[in-house]
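Understanding the architecture of this molecule
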Amino acid sequence: MKKNIKILVLSFTAILSNFIASNAQEKIIVSKGNPIITDKYTADPAAYVFGDSVYLYTGHDVAKAPKNSYEMNNWLVYSSADMVTWKEHKSPLSTKDFAWAKGDAWASQVIERDGKFYWYVAITHGTIHGKAIGIAVSDSPTGPFKDALGKALITNDMTTDVKISWDDIDPSVIIDDDGQAYLFWGNQKCRYVKLKKNMVEFDGPIVTLNLPEFTEAPWIHKRKGWYYLSYASQFPEKIVYAMSKNVTGPWEYKGVLNEIAGNSNTNHQAIIDFKGKSYFVYHNGAINTDGGSFRRSVCIDYLHYNKDGSMKRVVMTSEGIKKAN
Ligand code: FUB
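So, here is what we can say about the structure in this document. This is a predicted model, so every value here is computed, not measured. (Residues numbered from 1 in each chain as written. Predicted model: local features only at pLDDT ≥ 70, side-chain atom pairs only at ≥ 80, totals over all residues. Heavy atoms only, no water.)

1. A look at the overall build of the chain
The helix and strand inventory of the chain stands at one helix and 23 strands. In terms of overall dimensions, the chain is globule-like: its C-alpha atoms have a radius of gyration of 20 Å, near the 20 Å expected for 325 residues. Looking at the chain alone, contacts between residues at least 24 apart form 51% of all its contacts between residues at least 6 apart. For the chain, the computed accessible surface area is about 14,700 Å², with 54% contributed by carbon and sulfur atoms. The chain carries 38 positive and 34 negative side-chain charges, and their two centres are separated by 5 Å. (Helix = DSSP H or I, 4+ residues; strand = E, 2+ residues; numbered from the N terminus. Rg over C-alpha atoms; globule rule 2.2 N^0.38 Å. Contact = heavy atoms within 4.5 Å. Areas by Shrake-Rupley, 256 points an atom, 1.4 Å probe, with all protein chains shown as cover. Lys, Arg positive; Asp, Glu negative; His and termini not counted. Charge placed at Lys NZ, Arg CZ, Asp CG, Glu CD.)

So, in structure tokens, the structure goes:
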């Protein structure tokens, strides 16, 4: 009898601690301006509008990282119906979820197709030298996510014309109106490849674009008949962009969209429309008091378009945005 009670108590304790652990990061954050999240460092934002909410996927700079390098082990997800009150969900993806990888939860983007959410991530490959792009999949925008392929989609040995190990990073995806999906990515050279409907296989060759002073962080979006390819340029980075009437180009360079942040070498942007307004989501180093450029924080400011479709230069603010409704 005593033994049974002990087993019961132990099982209950295990269930309770699992519950607490799995909800440990679920909390509500009311943003007081920029940066929008201040209890931890968040970087490389990818925002996605689904239903009546915005889902914000970020990297996570470790606070105690050595001064001159990134330490990033997992990705984070937040959701909001007004872009001011955010729910932080339990981190649904870490580098450990990709058995073939060995670390570095770098920039990523999520997109939905046929009820499944595909999370494209940059990560360091375990056996093929350099960075790679992997894909996780889930039935929900907040996870749980699992490795969709069991291997990388893109590896460094597929793009040998660039001689660095980190040129296959920063994935950005779009599904065009005709249903064709495209994956853009790159460092030093921007590339794209068509994806099959299953979102996890190539549907054509890798194409390399010729964009002025391309550093990294391509973000592809479409609005009112125009395709926009924004990206980080030079170093320290500013965000510039090009426009086209086709997702495959030709791209017309349009100049600077967002200036150098000043307190962070990188700026990594996402662009969305939500409830009638346009937003520029990026990171800076505003709450890093520890030196270096490796403790970044996500910010959101308004984005405005001109009548001809071009984008006005972003004004980075401390106040940030008001509630979207
Ligand atoms: O966060 C690691 C890397 O820094 C990203 O992949 C780049 O876009 C830059 O933000």
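2. Digging into the site of the ligand
Contacts to the ligand come from Asp44, Tyr70, Met72, Trp106, Ala107, Ile169, Asp170, Glu216, Thr266, His268, His283 and Arg296. Here aspartate 44 contributes a side-chain N or O atom positioned 2.4 Å from an oxygen atom of the ligand. Histidine 268 places a side-chain nitrogen or oxygen 2.7 Å from an oxygen atom of the ligand. Protein chains bury 99% of the 270 Å² of accessible surface belonging to the ligand in isolation. Cavity membership is defined here by more than half of the atoms lying within 2 Å of grid points; on that basis the ligand lies in the second largest pocket. Tallied by class, residues from the shell around the ligand come to five nonpolar, three polar and four charged. (Near = heavy atom within 4 Å. Polar contact = N/O pair within 3.5 Å; in protein donor to acceptor, adjacent residues only side chain to side chain. 1 Å grid on protein atoms, 1.4 Å probe; cavity = no way out; pocket = protein on both sides within 12 Å on 5 of 7 lines; lining within 4 Å. Sits in = over half its atoms within 2 Å of the grid points. Nonpolar A, V, L, I, M, F, W, Y, C, P; charged D, E, K, R; others polar.)

3. A few points about empty space enclosed by the protein
Tallied over the entire structure, the rule returns one cavity of 30 Å³ or more. Put simply, the largest cavity is a space of about 30 Å³. If you go around the largest cavity, the residues you meet are Ala46, Ala107, Ser108, Gln109, Pro171, Pro218, Trp219, His268 and Gln269. Those elements that place two or more of their residues in the lining of the largest cavity are strand E8 (108-113) and strand E17 (214-223). Taken together, the residues of the lining of the largest cavity sort by class into five nonpolar, four polar and no charged. (Points joined across faces, edges and corners; volume = space filled by probe spheres on them.)

4. As for the pattern of salt bridges
Applying the stated rule across the entire model yields 19 salt bridges. Ionic pairing is found between arginine 296 and aspartate 61, a salt bridge with its closest N-O pair at 2.7 Å. Here the residue arginine 296 occupies a position in the loop between strand E22 (277-284) and strand E23 (297-303), and aspartate 61 occupies one in strand E3 (residues 53-61), the gap between them amounting to 235 residues. Given the relative accessible area of 2%, arginine 296 is considered buried. Residue glutamate 201 pairs with lysine 196 through a salt bridge whose shortest N-O separation is 3.8 Å. (Salt bridge = Lys/Arg side-chain N within 4 Å of Asp/Glu carboxyl O. Buried < 20%, exposed > 50% of the residue type's maximum accessible area, 1.4 Å probe, protein only.)

5. As for the packing of aromatic side chains
This structure, assessed with the given rule, holds 16 aromatic pairs. Residues phenylalanine 50 and phenylalanine 117 carry aromatic rings whose centres are separated by 4.9 Å and whose planes lie at 80° to one another, so their mutual orientation is edge-to-face. A residue pair is termed long-range when its members are at least 10 positions apart, and phenylalanine 50 in strand E2 (residues 43-50) and phenylalanine 117 in strand E9 (residues 116-125) qualify at 67 residues. Judged by its relative accessible area of 3%, phenylalanine 117 is buried. When the centroid spacing of 5.5 Å and the interplanar angle of 70° are considered together, the rings of tyrosine 228 and tyrosine 305 count as edge-to-face. In this pair, tyrosine 228 is assigned in strand E18 (residues 226-233) and tyrosine 305 in the segment after E23, connecting sequence segments 77 residues apart. (Phe/Tyr/Trp six-rings, centres within 6.5 Å; stacked < 30°, edge-to-face > 60°.)

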